[in-house]
2 protein chains.
Amino acid sequence: MSEELGITVKKDEDISEWYQQVVLKAKLADYSPVKGTIIIRWQGMAVWEAIRNFWDPAMKEHGVENHYFPLFIPESLLKREAEHFEGFTPEVAWVTMAGETPLDERLAIRPTSETIMYEMFSKWVKSYRDLPLRVNQWCNVVRWETKMTKPFLRGREFLWHEGHTAHETREEAEEEMRWAIEWYRRISEELLAVPVVVGRKTESDKFAGADITMAIEALMPDGKALQMGTSHLLGQNFSKPFEIRFLGRDEKNHFVWQTSWGISTRMLGGMVLLHGDDRGMVFPPRVAPIQAVIIPIGFEKVPEVLEKARELKALLEGEGLRIRLDERKEYTPGFKFNEWELMGVPLRIELGPRDLKEGKMVLVRRNSGEKSSAEFSDTGAVKDALEGIQQDLLNSARELMKERTAEVEELEELKEVLEERKWAIINHCGREECEREIEAKVTGGPRVIPEEGGEPSGGCIGCGKKAAYRVYWARSY
Amino acid sequence: MSEELGITVKKDEDISEWYQQVVLKAKLADYSPVKGTIIIRWQGMAVWEAIRNFWDPAMKEHGVENHYFPLFIPESLLKREAEHFEGFTPEVAWVTMAGETPLDERLAIRPTSETIMYEMFSKWVKSYRDLPLRVNQWCNVVRWETKMTKPFLRGREFLWHEGHTAHETREEAEEEMRWAIEWYRRISEELLAVPVVVGRKTESDKFAGADITMAIEALMPDGKALQMGTSHLLGQNFSKPFEIRFLGRDEKNHFVWQTSWGISTRMLGGMVLLHGDDRGMVFPPRVAPIQAVIIPIGFEKVPEVLEKARELKALLEGEGLRIRLDERKEYTPGFKFNEWELMGVPLRIELGPRDLKEGKMVLVRRNSGEKSSAEFSDTGAVKDALEGIQQDLLNSARELMKERTAEVEELEELKEVLEERKWAIINHCGREECEREIEAKVTGGPRVIPEEGGEPSGGCIGCGKKAAYRVYWARSY
């Protein structure tokens, strides 16, 4: 592989340029002819599909039913909940023409589907017997970002899923919100090997129309926080304007209590940023499009090598692993090593005439470069190696998070910590104007009030008044 | 279940009203606040997911890579292939505003993705080593229908998948087109139990920009044909304007040969029309959201019934079956029977105190009403019943198709046959103006030139000249 094919900048030196090269060269995504949008290529889609394959059955098990709602939301419907509309309107793409005919009412391309879904909920819910109602859809959404876009991390269109539920009581809805965020934590940590802090957003930062927003936030290598998923307790903020009422067990009418929650292809950006290195992408094995690549060596001279390589491929695929065999004759093994490293395949299996003679294969781990030898056809060794890589990636990321988290009591210290590419835990009084004042003095903003943050001791970092909570503070994507 | 909850019109008497009731009441879909669009509800989505779960791995096995392309296509790009643009422009929804800002160039909501995909193909394909290139996406598309819309059958937005491939030779591309249509035949017949005729479209009827369009067409109970899927040989019609060139094995530059193919949620409409009956929906077991419903009888008095019913559910689910246990106490068994029949569940399992005593369960088939008894926990009997229903549905539909297909030699006869709610096979000369003349005299139009249609004997039904082929003629959805 020639120099230009590889990554030409170091992650540490210019993470932004590095990120774009990895995304493009490892075929996770490509730029599209429409500014601010991307094409998700097969290496990106495969990860999104792995997330879906893990999460969709868990939702169904929980009683969630998949639906598909229209892309278009009439303006009048989007406006029904005022705060929600205010939150989204600057980013809405509007359809105004169909064929050569102007439309009577312009149609928003969904930035999220609360309004169109809840219009239907009011038809579907009549009695407590219809509750809980749990609806999900996997779809595309559009938010016309005016800030600089970045593949996966910020774009004008992305893929996501959005779950929406309606319940008899606030308690039940709150439990549902927590159920979803806990699954998002698992998806992030167990699949993508991206550790997160789970917590709730401050008042200023929550979703437009929510009572409580919970989020999972991950620390990126540049010290910025990345929001990987959110879950909202909507209370009765939508059920009132949308008139979603049910006849209760008490034979009286009540408004339902609601939640909504979602994760998006943004998660893929976090995975790339955290695990990629100077040689390219590194996929966590559980979501890797190709989990292991077999490179037969010297098979032009010893055809048996290729035969055995094919046998090994079939054997591993039989165990449910995703395997690629690189049979190309026009490239050297060295070229192939580099290319598959760039592409992020977690495990390389080398098979040469000598290995063959000894009944062995060589396993090389993408993340550490560690080489080991195993009996040919020892599929367990391959699985163990993959599981080991998965754990190592998560552990390294946890290590990074620990190193880069600082408890801070003074504003000056906060400033320094942020400059050192860390995030901080501070005490805060909980007042919005105080939050604004701190934001004016340092970079970044509040991320989440951690679930397991403990009680604040001492005063607010901003105003010195009694602290209401401990909150993560960081720059963010 | 009260009268109004059930279907209030007979399929034979008013198939259009019947169809809408079944779709709505069996929770396949609902009308949305946006005219011409629907909400696909869980019973509809589950079928679409079953199709995806069957077809997606087969595509991957064949080397197809899933991608996701932007929803938006700039007008200039959509225009690049003139015939294609002409074909779609009357139905395009246009985005002209983002937030409060008018866009410099209006953006089409994709009616199909040839143009945006091929813009990228020209970047991705350099050499014969990059071929064949096989790209697929599962997504939503928008076509602003001005004719009367109908859930699944014709709407302004639908879900589909679109496969797009590029090849070195025309022969290879043609083979690919046939590969796809054969899989569509399998999906239609083996999953949905909807038998089809496979053939190619006449010149007047093919896809805008294709050299050859192949289609699968199904006969509906009202004698209309429904197109269930298409596969196109695009030749070099797009590779030339989009400049998709490759360095060939001969070291010269060539334009690629292309195909595109797709199936959509329209298929669901065909399944409903064909298999539903006066009591509601009938799902083919392989795609049924719920394959069997267990109705415990008298469990209020004999709690053991419910225990055993739960045991049975777990047992059947352990075999990979999709089972619902109806434990509701507020409804009678009779009400439940009707409701689950309306909902189309192919098999009902009744379990009462007497069955329990005898160690039995009762199986009732939705399509025929046939009752049989089986040993409790004989999961094989349940599977056999489901497989039997699947085959019966396909066989009945094949029977219907046979009865309703007539070979016709004279125009008068064609008219009669169409009025009898049949479709016809006619000889035709292949000239477009002759096709138009026939269309002016009878209802319907050409559907497909069947693959296994045999040679025409005798003259064209329209002009009497030498026939070029035999072609199916029918009214259509």
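Residues numbered from 1 in each chain as written. Chains lettered and ligands numbered in written order. Predicted model: local features only at pLDDT ≥ 70, side-chain atom pairs only at ≥ 80, totals over all residues. Heavy atoms only, no water.

Q: Could you give me a rundown of the sheet that holds strand S20 (residues 405-407) of chain B, with the residues and numbers involved?
A: Residues and elements named next belong to chain B. What the four strands build is an open sheet, ordered S20-S21-S24-S22; its pairing is mixed. The outermost strands of the open sheet, each flanked by one partner alone, are S20 and strand S22 (445-446). Where S22 meets strand S24 (residues 469-474), two bridges bridge the pair, whose relative direction is antiparallel. In the strand pairing of S24, Gly-445 is matched with Ala-474. Along the sheet, helix H12 (residues 411-419) makes contact with S20, strand S21 (423-428) and S24, crossing S21 at roughly 160°. (Pairing = 2+ DSSP bridges. Helix = DSSP H or I, 4+ residues; strand = E, 2+ residues; numbered from the N terminus. Contact = heavy atoms within 4.5 Å. Axes fitted to C-alpha atoms, helices over the stretch in contact; angles between N-to-C directions.)

Q: Run through the relation of the copies chain B and chain A, naming residues and quoting values.
A: Mapping chain B onto chain A calls for a rotation angle of 180° and an axial translation of 0.0 Å; the resulting RMSD is 0.0 Å. The transformation just described matches what one would write down for a two-fold rotation axis. For chain B, the minimum C-alpha distance to the rotation axis belongs to Val-95 of chain B and amounts to 2.1 Å. Most of the interface of chain B is mirrored in chain A, where 100% of its interface residues are also at the interface. (Least-squares fit on C-alpha atoms with pLDDT ≥ 70 in both.)

Q: With reference to specific residues and values, describe the domain arrangement of chain A.
A: Residues and elements named next belong to chain A. Entries for chain A in the domain assignment read domain 1 (3-275), domain 2 (290-385) and domain 3 (405-474). Relative placement of domain 1 and domain 2: their C-alpha centres are 39 Å apart. Contacts between the two partners involve seven residues from domain 1, matched on the other side by five residues from domain 2. Interface area for domain 1 against domain 2, summed over the two sides, is near 540 Å², with a carbon-plus-sulfur share of 70%. Sorting the residues of domain 1 by area buried against domain 2 places Leu-5, Trp-42 and Gln-43 first, and these three jointly supply 59% of that buried surface. Across the contact surface, domain 1 and domain 2 share one residue pair in polar contact (both at pLDDT 80 or more). (Domains from an automatic or database assignment. Buried area = accessible area lost by both parts, 1.4 Å probe. Polar contact = N/O pair within 3.5 Å; in protein donor to acceptor, adjacent residues only side chain to side chain.)

Q: Provide a residue-level description of the side chain of Glu-49 of chain B, including the pertinent values.
A: Structurally, Glu-49 of chain B can be placed in helix H2 (residues 42-61). Filtering out sequence-adjacent residues up to four positions away, Glu-49 of chain B remains in contact with Arg-52, Asp-56, Lys-60 and Asn-66 of chain A.

Q: Describe the interface of chain B and chain A, and please don't skip the residues or the numbers.
A: The interface of chain B with chain A comprises 56 residues on the first partner and 56 residues on the second. Buried surface at the junction of chain B and chain A, summed over both partners, amounts to about 4,500 Å²; 60% is from carbon and sulfur atoms. The partner of Asp-30 of chain B in a salt bridge is Lys-123 of chain A, and the shortest N-O contact between them spans 3.2 Å. Where chain B packs against chain A, one counts 26 residue pairs in polar contact (both at pLDDT 80 or more). Looking at side-chain class alone, the side of chain B that touches chain A contains 32 nonpolar, eight polar and 16 charged residues. (Salt bridge = Lys/Arg side-chain N within 4 Å of Asp/Glu carboxyl O. Nonpolar A, V, L, I, M, F, W, Y, C, P; charged D, E, K, R; others polar.)

Q: An account of the sheet that holds strand S17 (residues 347-351) of chain A is needed here, citing residue identities and associated values.
A: The strands that make up a sheet pair up through hydrogen bonds in the backbone, lying either parallel or antiparallel. Residue and element names in this part refer to chain A. Taking strand neighbours across the sheet as the criterion, the five strands line up as S16-S15-S17-S18-S19 in an open arrangement whose pairing is mixed. Only two strands of the sheet have a single neighbouring strand rather than two, namely strand S16 (323-325) and strand S19 (371-375). Pairs of neighbouring strands in the sheet enclose a mean axial angle of 25°, with direction left out of account. Pairing between strand S15 (residues 292-296) and S16: three bridges, direction parallel. Counterpart to Ala-292 in the pairing with S16 is Ile-323. Helix H8 (residues 303-318) rests against S15, S16, S17 and strand S18 (360-365) of the sheet, and its axis sits at about 165° to S15. Packing of helix H9 (residues 333-342) onto the sheet brings it into contact with S15, S16 and S17, and relative to S15 it is tilted by some 175°.

Q: So, the nonpolar core: which residues are in play, and what are the values?
A: Ranked by size, the top nonpolar core spans 216 residues in total, and within it Trp-55 of chain A together with Trp-55 of chain B carry the most contacts. In contact with Trp-55 of chain B, not counting residues within four places along its chain, are Trp-138, His-161, Trp-179, Trp-183, Tyr-184, Ile-187, Trp-261 and Ile-263 of chain B. (Core = buried A, V, L, I, M, F, W, Y, C linked by side-chain atoms within 4.5 Å. Buried < 20%, exposed > 50% of the residue type's maximum accessible area, 1.4 Å probe, protein only.)

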